[in-house]
Amino acid sequence: MTKISNDNTQRKAVALVSGGLDSMLAVKVLQEQGVHVEGINFFTGFCVEGHTHAIRKKDRDKPKRNNALWVAEQLGIKLHILDISEDYKDVVINPKHGYGANLNPCLDCKGFMVKQAMSWMEKNDFDFLITGEVMGQRPMSQRKDTMPVVSRESGAGDLLLRPLCAKLLPETLPEREGWVDRDQLLDFSGRNRKPQMALAEKFGFKEYAQPAGGCCFLTDANYSSKLADLWQARGEKTYEIDDIVMLKVGRHLRPKPHFKLIIAREEGETNFLRGYRKNYISLNTVSHSGPISLIDGEADEEDIELAARLVARFCSGRNADLVTVNVIQKNGESRDIDVKPLTADEIPQEWYV
Amino acid sequence: MSEPVLDARNLLCPLPVIRTQNQVEKMNAGDTLCVQCTDHGVINDIPAWCRINGHEILSIDEQEYEIIIRLRVGKGS
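Residues numbered from 1 in each chain as written. Chains lettered and ligands numbered in written order. Predicted model: local features only at pLDDT ≥ 70, side-chain atom pairs only at ≥ 80, totals over all residues.

### Some points on the overall build of chain A
Moving on, step 1. Within chain A one finds eleven helices and eleven strands.
Moving on, step 2. By its C-alpha atoms, chain A is 80 × 40 × 35 Å across when sized along the principal axes.
Moving on, step 3. Relative to its 353 residues, chain A shows a buried fraction of 45%.
Moving on, step 4. Partitioning the contacts of chain A with sequence separation of at least 6, the portion at a separation of at least 24 is 66%. (Helix = DSSP H or I, 4+ residues; strand = E, 2+ residues; numbered from the N terminus. Buried ≥ 20, exposed ≤ 12 C-beta atoms within 10 Å, placed from the backbone. Contact = placed C-beta atoms within 7 Å.)

### So, the interface of chain B and chain A
Moving on, step 1. Listed by partner, the interface residues are 21 residues for chain B and 21 residues for chain A.
Moving on, step 2. For the side of chain B that touches chain A, the secondary-structure elements that each account for two or more residues are α1 (15-25) and α2 (42-53) of chain B.
Moving on, step 3. Here the side of chain B that touches chain A gets seven residues from one element, more than from any other, and that element is α2(B).
Moving on, step 4. When its residues are assigned to classes, the side of chain B that touches chain A shows ten nonpolar, seven polar and four charged. (Nonpolar A, V, L, I, M, F, W, Y, C, P; charged D, E, K, R; others polar.)

### Structural notes on the nonpolar core
All names here are of chain A.
Moving on, step 1. Counting 114 residues, the largest nonpolar core has Ala 13, Leu 129 and Val 311 as its most contacted members.
Moving on, step 2. Sort the elements by how many residues they give to this core and helix α4 (residues 106-123) lands first, with nine residues.
Moving on, step 3. A domain-level breakdown of this core finds at least three residues from each of domain 1 (12-217) and domain 2 (249-351).
Moving on, step 4. Once residues within four sequence positions are removed from consideration, Leu 129 is found in contact with Ala 13, Val 14, Val 114, Ala 117, Met 118, Met 121, Ala 156, Leu 159, Leu 160 and Leu 161. (Core = buried A, V, L, I, M, F, W, Y, C linked by C-beta atoms within 7 Å. Domains from an automatic or database assignment.)

### Regarding the domain arrangement of chain A
Moving on, step 1. Domain annotation for chain A reports domain 1 (12-217) and domain 2 (249-351).
Moving on, step 2. Inter-centroid distance (C-alpha atoms) of domain 1 of chain A to domain 2 of chain A is 41 Å.

### As for the sheet that holds strand β4 (residues 67-72) of chain B
All names here are of chain B.
Moving on, step 1. Reading across from one edge, β1-β2-β4-β3 is the order of the four strands in this open sheet, with mixed pairing throughout. Because the sheet does not close on itself, it has two edges, and the strands there are β1 (5-8) and β3 (56-62). The mean angle between the axes of side-by-side strands here comes to 20°, regardless of whether they run parallel or antiparallel.
Moving on, step 2. Sheet analysis places β1 next to strand β2 (residues 32-37), joined by four bridges and oriented parallel. Bridging across to β2, Asp 7 finds its partner in Gln 36.
Moving on, step 3. Each of β1 and β2 is contacted by α1, which is oriented at about 155° to β1, the strand it contacts most. (Pairing = 2+ DSSP bridges. Axes fitted to C-alpha atoms, helices over the stretch in contact; angles between N-to-C directions.)

### Some remarks on α1(B)
Moving on, step 1. For α1(B), every residue scored as buried is listed here: Leu15(B), Pro16(B), Val17(B), Ile18(B), Thr20(B), Gln21(B) and Val24(B).
Moving on, step 2. Contact partners of the buried residues in α1(B): β2 (36-43) and β3 (79-83) of chain A together with β1, β2 and α2 of chain B.

### Considering the confidence of the model for chain B
Residue and element names in this part refer to chain B.
Moving on, step 1. Scored by pLDDT, chain B comes out at a mean of 92, with 96% of its residues at no less than 70.
Moving on, step 2. The secondary structure element of chain B with the lowest average pLDDT is α2, at 94, and the one with the highest is β4, at 98.
Moving on, step 3. Here the predicted complex scores 0.87 on pTM and 0.91 on ipTM. (pLDDT = per-residue confidence, 0-100.)

### Brief notes about the environment of Phe259(A)
Residue and element names in this part refer to chain A.
Moving on, step 1. Its place among the elements puts Phe 259 in strand β7 (residues 259-263).
Moving on, step 2. On the basis of neighbour counts, which here come to 19 C-beta atoms within 10 Å, the residue Phe 259 falls in the partly exposed class.
Moving on, step 3. Once residues within four sequence positions are removed from consideration, Phe 259 is found in contact with Ile 295, Asp 296, Gly 297, Glu 298, Ala 299 and Asp 303.

### With respect to α4(A)
What sets the pattern is the α-helix's 3.6 residues per turn: residues three or four places apart point alike.
All names here are of chain A.
Moving on, step 1. The end-to-end C-alpha separation of α4 is 26 Å, in line with the 26 Å expected for 18 residues at 1.5 Å each.
Moving on, step 2. Among the residues making up α4, those that are buried are Cys 106, Leu 107, Asp 108, Cys 109, Lys 110, Gly 111, Phe 112, Met 113, Val 114, Ala 117, Met 118 and Met 121.
Moving on, step 3. Where α4 is buried, its residues meet β1 (12-16), β2, α3 (85-93), β4 (128-130), α5 (147-154) and β5 (160-161).
Moving on, step 4. After α4 finishes, the residue Asp 125 shows a positive phi value of roughly 60°. (Expected span 1.5 Å × (residues − 1).)

### Considering the sheet that holds β1(A)
All names here are of chain A.
Moving on, step 1. Spatial ordering of the open sheet is given by β3-β2-β1-β4-β5, a layout of five strands whose pairing is parallel. Every interior strand has two partners, whereas the edge strands, β3 and β5, have only one.
Moving on, step 2. Its contacts with the sheet place helix α1 (residues 21-32) against β1, β2 and β4, and it is angled at close to 170° to β1.

What follows is the structure in structure tokens.
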């Protein structure tokens, strides 16, 4: 069925597609009404994607896919992936509405993404926006009192339609204009996923992603603690994309306030960190097999020796009297030093970030 | 004219897809592009992105550390 409005135009909606079930359903609900839908997916730098772990060799055999692309393909829609990582920094660093349980600025984030989608919509001559939001499903951004905040602060106003809970919200422009039929929209609320699963079954969706902790690393306590450590060490809340990528990789230990070590946990991470050697002082055990490690921060000779002793602890020579560690400076200058590996007792738990 | 090569090494998905998307936007139908990557996720993602957007994968060369993908830009770009 093609929905034709009074002026005989098929209406076009842009959907925020995360790759999860809710946005998949929201798109399908609109497609069923004959609306032309295309998807937008945002790269913030903090996105959780299965193949972020592709750098870990042990995960290589598991199927990797970008769920947003997969969903778009299932729905037969185009997907536009936008890199908003640079502008997104201000959302993470200065969230007007504060953080959630961790460093997740969910309400500011949603408003920012809708605003970006609005801008895309206007540039590409689309008529309105949709999201897969369900009232009461998320503690910050999907509450009855905060959903209007997103509409208002993003500038989308009543051009923002949430098909899965539209009946619980005031009528939007697409409904008033008859571009979509409000009666065929839904009234989902709360954290119970059964209505979504029933609708998925009705639409014949046999497979869909069910992200356990949302789609953002900032909701993860361990990741947030590494980011907080980074800000504390620098004395200011700033980051570059390489910084936040590095927080996803390796073991992080901070023996001194002014530097930390990123130690690969396995071969895949070693290969990945190898690509960053020009940006950091790198250490690699040569007398024994072991992981590559990078020093993030400014390290003097004493610090480098401590770092080398720490790296030696994580190599196969941890019980040897001496381990030879190759140290490569950022300018490529290379030398070997012999160090005694730290014992387990010499590594305080608080060094682990 | 020689085939353009896009260096997307040391980028994690979806960045290689985004860089490919942005490069293809500047190209014409029928042009070919070679993308160098290190994230093995691209083996699924770049072909999926091509299928959605009407581009053609010409080859995927999976090496130990790198993946080289060649594609031809479709008419829909």
